[in-house]
Amino acid sequence: MKFTMLPSPLSLFTTWFVLQAAAAPAAGSQVLTPQDFKQTIADGVWFIEHFSPYCRHCRNFEPTWNRVVDKFEKQPDLGIHLAQVNCALNGDLCTENGVTGYPQMNLYRNGQFVETFTNDRDFDILVDFLLPHAEPTAISLSSPTAVEQEEMATEIVPVGENSVVQVSQAESNPLGEVISLTSETFDDFVAQAPTFVKFFAPWCGHCKKLAPVWLQVARRMQHKLNIAEVNCDEFKSLCTKQGVTGYPMLFYYSHGAKTEYPGSRKYEPLVAFADKAASPTMQPISAHDLDKVVHEHPVAYVLLHSSSDEHIVVRGPYYVPCLVLTMFQSEVAKDSQLLLGSPPVFVSSSKELFTRYDIPTTESWAILAFKDNDPKEPTSIFNSSISDTLSTWLFANRLPTSLELSRDVFQHVMNAPHNPLVVIAATPNDVQKDVSSKLNDIAKKWRLRKSYVGRQDVVFTWMDADQWGKWMKSMYGVKVKDQPKVVVADHSRLVYWDRDTTGQPIQLNAVSIFSAIEGVYSNKIRSKHSENIMERLLRTFNSSLTNTEGFIIAHPYMAVLLILGFLAAVVMAIKKLLDDDTDLQSEHRYIKGGRLD
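Asks: Would you mind showing me how to read the overall build of the chain here?
Replies: Summing up its helical and strand segments, the chain has 20 helices and 25 strands in all. A total of 597 residues make up the chain; the buried ones form 41% of that total. Intrachain contacts of the chain at a sequence separation of at least 6 include 71% that bridge at least 24 residues. Of the accessible surface of the chain, which amounts to about 34,200 Å², a share of 55% is contributed by carbon and sulfur atoms.

So this is what it looks like as C-alpha cells:
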C-alpha cells in the first residue's frame, strides 16, 4: 500500500501568503522594488503609494488611486509620476521609507523625500495636492513654435487690393515663470500686456500655501498670460496704492484697469480664470447663429456695427480669429476684457440684425444685451445717446434677470462695481424650484416697468437656506422654516430692508417686493444695519487708519508738516497749562491763612 504525503498546514499557509502578497492591486501605475526604487525616482517628481494587499483600506482606496493614475497618464507632460510599492513583499524598503501604516503616500522630488500626504484620500483632494507639485519637463504641445512666435510677433495682412495692416503683438509669459515686480517696474509691466498679479507677505500662511500653486499657474499660462507677484513687506506703499487689504490678494490688470479675483485659491479654478482672461474678448457671429448663442448663454452682448467699419479678420495669439476694429470697437474690446468672458461679447455687421432690432440706419453701431436665453428683444441697448460709460453699462447688465446666489457668483453680485440693490429670497430646499421660477417672473415684470432706469440697479436672487442659513441669520436676522424669507440688501453700505411701505414683512410676490424697492428709492422705509454697533465702530476705525495711511503715502511732505504742526500745538498747550499753574501758585502766596482778622 502506497501512502501519499499531504502538504503540511504550514507549507499551505506559506504558499497562500506568497501568492496573495504577489497579487498586488491591479493598478495602472508602475510597481517598484528595492532593485529599481532609487534609480526610478532619482529624476522628477514621484508620488508613491505604499500598500499591502491584506489591508482593507488599501483595497477600498484602489479605485480612487486608479482614477488619479488615469487622470495624470492622459496628460502628455504634466510633470509628475505615480508608482506603488508592495510592502507585503518589500517590507524593508517600506520601513526605510518611513512607512507606518497602509496606505501611505509619499512625495519625492529628484530622489529626495518631500512630504507625506496626510489629507483625506479623496480624488479631488489628491489632485489638488499633486498639481502644484508637478514640474513639466517640456513646453506644452499647444504652445507655439519659435517660427510661429516670430510670425505672431509681426504679421502683415492684406486689407484691400492696395493696402495692408501690420499687426504687432507682444508675447506674454515667454518662459512660464512668475515675475517679481517692484515699485519701479510695476506700472510699466502691467501696461505692456494683461497680467495676473499676486500680492503677498512672506510670513502669511495662506500665501505660503498658494506659492507652489502660483508657480504651476505660471507654467500652465506660458505664452498666454503674464503671471506676477509683489512682496508687500518690501513694497508696502505699492500694495496700499493698489488697494491691498489682506494677503494674499489677486488682481487681474488689463488696459489700465484692474479686476479682483474673488475665487478659490486652488489650481484648477485659478487656471480656469486665467484661461478666460487670456481668451479673445470678442467673437464674430452671423445673423443665422444669433439665436443659438443667446440660447446657450444666460447673458450675451452683441456689438452691431456697419460693414464699412470692419476691415479684416486677422490671426491673433494661438491663431484665434479676432477683428481689426475701429477706435470705438477697440474701446469695446478693452472694456469687455474685464468681463473675462462672462458674459461673452459677439460682433456682427449684419443688416438683418439692424432691422430685426430696430436699430436706426443713422447709427453706425449699437451694443445689445440679451438675458434669460431670450433672443426676441434685448433687455438694454447701449449707443451714442447713453450717458453712462461703456464699462459701467457692461457691468450693470452682466447679470441675468434672476439667479441663485451661490458661492461661485456671490462676489460678482454683492460686490458688483455698480453697487446694485439685491433682492434675496432665502429658500428651503424642498421649494427651491418653485421659488426660482416665481422670482424669475417677478424680475421680468420689474424690467418691464422701466421705473428703475436712472436709479440704483436691482438684481433678483435666491439662496439655499439650508446651506446659507447661519449667514442669513447673522447678516439679516432671517430665520427660515417652511416658507421663504425676502430681504432687499445694499451690500456696498452693509444695510438691508425687510419690510415694504405698508410696514409688513416683504412677501414673495411682485406687489410686496416692488413696494419695498420703491420705498428704498424714496427713503420711505428705514434701513437696518447688517453689522452690530461694535463691528461698525471697528470698520470705521479701520477705514480711518487706511485713509490716513493712504494720505501719508500719497502726500508725505504735507503729512510731515501736519504732524509737526500737531506736535507744536500740543507742546504749546502743555506750556500754557504749566504757565497758568505757576501764576495761580504765585497768587496764593499773597493770600492770608484761614484767620478772619
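Asks: Is there a simple way to think about the sheet that holds strand 9 (residues 195–200) in this case?
Replies: Strand pairing in a sheet relies on backbone hydrogen bonds, with the paired strands running either antiparallel or parallel. Taking strand neighbours across the sheet as the criterion, the five strands line up as 8-10-9-11-12 in an open arrangement whose pairing is mixed. Strand pairing shows two members of the sheet lacking a second neighbour, strand 8 (178–180) and strand 12 (257–260), which therefore form its edges. Direction aside, the axes of adjacent strands within the sheet are offset by 30° on average. By the bridge criterion, four bridges tie strand 11 (residues 249–254) to strand 12 in an arrangement that is antiparallel. Bridge pairing in strand 12 links Tyr252 to Thr259. In this fold helix 8 (residues 205–220) packs onto strand 8, strand 9, strand 10 (226–231) and strand 11, with an angle of close to 160° to the strand it touches most, strand 9.

Asks: Even after reading the chapter, I still don't get the nonpolar core, so can you show me in this structure?
Replies: If you look at the biggest cluster of nonpolar residues, it comprises 38 residues, and the most contacted ones within it are Phe47, Phe196, Ile227 and Leu270. Elements that contribute at least two residues to this core include exactly strand 2 (45–51), helix 3 (56–73), strand 4 (104–109), helix 5 (123–130), helix 8, strand 11 and helix 10 (267–278). With residues up to four places along the chain from it excluded, the contact list for Phe47 reads Trp65, His81, Leu82, Ala83, Met105, Asn106, Leu107, Phe117, Leu126, Phe129 and Leu130.

Asks: How do you make sense of a positive patch on the surface when you look at a structure like this?
Replies: Taken together, the side chains of Lys473, Lys479, Lys481 and Lys485 define a basic patch exposed on the protein surface. On the accessibility criterion, Lys479 (55% relative accessible area) is exposed.

Asks: I keep staring at the pairing of strand 3 (residues 81–86) and nothing clicks. Help me out?
Replies: Across a regular strand the side chains alternate sides, sitting on one face of the sheet and then on the other. Among the six residues that make up strand 3, five are buried, leaving the element largely enclosed by the rest of the structure. By the bridge criterion, three bridges tie strand 1 (residues 30–32) to strand 3 in an arrangement that is parallel. Bridging across to strand 3, Val31 finds its partner in Gln84. The pairing of strand 2 with strand 3 spans six bridges and is classified as parallel. What sits directly across from Ile48, in strand 3, is Ala83.

Asks: Hey, could you run me through the state of the cysteines in this one?
Replies: In protein structure, a disulfide is the covalent linkage between the sulfur atoms of two cysteines. With the rule as written, the count across this model stands at two disulfides. Across the chain, the disulfide pattern expressed with sequentially numbered bonded cysteines is 1-2, 3-4.

Asks: Sorry if this is basic, but what is going on with the side chain of Asn231 here?
Replies: Relative to the helices and strands, Asn231 resides in strand 10. One polar contact links the side chain of Asn231 to the main-chain amide nitrogen of Asp233, over a distance of 2.9 Å. Beyond its immediate chain neighbours, meaning those up to four positions away, Asn231 contacts Phe200 and Pro202.

Asks: Whenever I open this one, the packing of helix 3 against helix 5 confuses me. Can you help?
Replies: Angle between the axes and distance between the axes are the two parameters that describe a pair of packed helices. Running from amino to carboxyl end, helix 3 crosses helix 5 at an angle of 40°, the nearest separation of the two axes being 10 Å. With respect to their mutual orientation, helix 3 and helix 5 come out oblique. Relative to helix 5, the crossing made by helix 3 is right-handed. In this structure, helix 3 contributes Phe61, Thr64, Arg67, Val68, Lys71 and Phe72 to the contact, and helix 5 contributes Phe123, Leu126, Val127 and Leu130. Here the residues of the contact of helix 3 with helix 5 are counted per class, giving seven nonpolar, one polar and two charged.

Asks: Looking at this model, I keep getting lost on the packing of aromatic side chains. Mind explaining?
Replies: The relation between two aromatic rings is expressed through the spacing of the ring centres and the mutual angle of the planes. Within this structure, the stated rule accounts for 28 aromatic pairs. Between the aromatic rings of Trp471 and Tyr476, the centroid separation amounts to 5.5 Å while the plane-to-plane angle is 90°, which identifies the pairing as edge-to-face. Overall, the relative accessible area of 21% leaves Trp471 in the partly exposed class. Between Tyr476 and Tyr496, the aromatic rings sit 5.1 Å apart at their centres with planes inclined by 65°, giving edge-to-face as the arrangement. With a gap of 20 residues between them, Tyr476 in helix 17 (residues 465–476) and Tyr496 in strand 24 (residues 495–497) connect regions that are remote in the sequence.

Asks: I would appreciate a short explanation of the pattern of salt bridges in the present structure.
Replies: If the charged atoms of two oppositely charged side chains come close together, the side chains can form a pair. Going through the model one piece at a time under the given rule, you end up with eight salt bridges. Note that Lys71 and Glu268 form a salt bridge whose closest N and O atoms lie 3.8 Å from each other. Pair noted here: Lys71 is in helix 3 and Glu268 is in helix 10, with a separation of 197 residues, a long-range link. Residue Glu268 is classed as partly exposed on the basis of its relative accessible area of 39%. Here Arg356 ties to Asp291 by a salt bridge, and the two come within 2.8 Å at their closest N and O atoms. Here Asp291 lies in helix 11 (residues 287–296) and Arg356 lies in helix 13 (residues 351–356), a separation of 65 residues in the sequence. Given a relative accessible area of 34%, Arg356 falls into the partly exposed group. Through salt bridges that share partners, Arg220, Lys224 and Asp275 make up one connected network.

Asks: Just checking my understanding: could you explain helix 17 for this structure?
Replies: What sets the pattern is the α-helix's 3.6 residues per turn: residues three or four places apart point alike. With twelve residues, helix 17 extends only 13 Å from end C-alpha to end C-alpha; this falls clearly short of the ideal 16 Å at 1.5 Å per step. Buried within helix 17 are the following residues: Ala465, Trp468, Met472, Met475 and Tyr476. With its buried residues spanning 95° around the axis, helix 17 presents them on a single face. Along helix 17, exposed side chains directed more than 90 degrees from the buried face belong to Lys470 and Ser474. Buried residues along helix 17 sit in contact with helix 15 (410–414), strand 21 (421–427), strand 22 (458–464), strand 23 (485–490), strand 24 and strand 25 (528–529). If you check the start of helix 17, you find a side-chain oxygen 2.9 Å away from the backbone N of Asp466, and it comes from Asp464. Taken from the residues just after helix 17, Gly477 is the one with a positive phi, measuring 65°.

Asks: Mind showing me how you'd approach the environment of Gly243 here?
Replies: On the secondary structure map, Gly243 appears in the loop between helix 9 (236–241) and strand 11. Its relative accessible area of 37% is what places Gly243 among the partly exposed residues. For Gly243, the residues in contact, after removing those within four places along its chain, are Met249, Phe251 and Lys258.

Asks: Any chance you could explain the layout of surface pockets here in plain terms?
Replies: The probe, sized like a water molecule, is rolled over the atoms to show the empty space still left. The volume enclosed by the second largest pocket comes to roughly 930 Å³. Lining of the second largest pocket is provided by 30 residues; of these, Lys276, Ser342, Asp408, Val409 and His412 occupy positions nearest its centre. Looking at the lining of the second largest pocket, the elements with two or more residues in it are strand 12, helix 10 and helix 15. Of all the elements, helix 10 adds the most residues to the lining of the second largest pocket, at four residues. Considering only residue class, the lining of the second largest pocket consists of 18 nonpolar, seven polar and five charged.

Conventions used here
Residues numbered from 1 in each chain as written. Predicted model: local features only at pLDDT ≥ 70, side-chain atom pairs only at ≥ 80, totals over all residues. Heavy atoms only, no water. Helix = DSSP H or I, 4+ residues; strand = E, 2+ residues; numbered from the N terminus. Buried < 20%, exposed > 50% of the residue type's maximum accessible area, 1.4 Å probe, protein only. Contact = heavy atoms within 4.5 Å. Areas by Shrake-Rupley, 256 points an atom, 1.4 Å probe, with all protein chains shown as cover. Pairing = 2+ DSSP bridges. Axes fitted to C-alpha atoms, helices over the stretch in contact; angles between N-to-C directions. Core = buried A, V, L, I, M, F, W, Y, C linked by side-chain atoms within 4.5 Å. Patch = residues over 30% accessible without salt bridge, like charges linked within 9 Å, V, L, I, M, F, W, Y side chains within 5 Å. Salt bridge = Lys/Arg side-chain N within 4 Å of Asp/Glu carboxyl O. Lys, Arg positive; Asp, Glu negative; His and termini not counted. Charge placed at Lys NZ, Arg CZ, Asp CG, Glu CD. Disulfide = S-S within 2.5 Å. Polar contact = N/O pair within 3.5 Å; in protein donor to acceptor, adjacent residues only side chain to side chain. Parallel < 35°, antiparallel > 145°, perpendicular 65-115°, else oblique. Left-handed = near helix turned anticlockwise from the far one by under 90°. Nonpolar A, V, L, I, M, F, W, Y, C, P; charged D, E, K, R; others polar. Phe/Tyr/Trp six-rings, centres within 6.5 Å; stacked < 30°, edge-to-face > 60°. Expected span 1.5 Å × (residues − 1). Arc of directions from axis to C-beta. 1 Å grid on protein atoms, 1.4 Å probe; cavity = no way out; pocket = protein on both sides within 12 Å on 5 of 7 lines; lining within 4 Å. Points joined across faces, edges and corners; volume = space filled by probe spheres on them.

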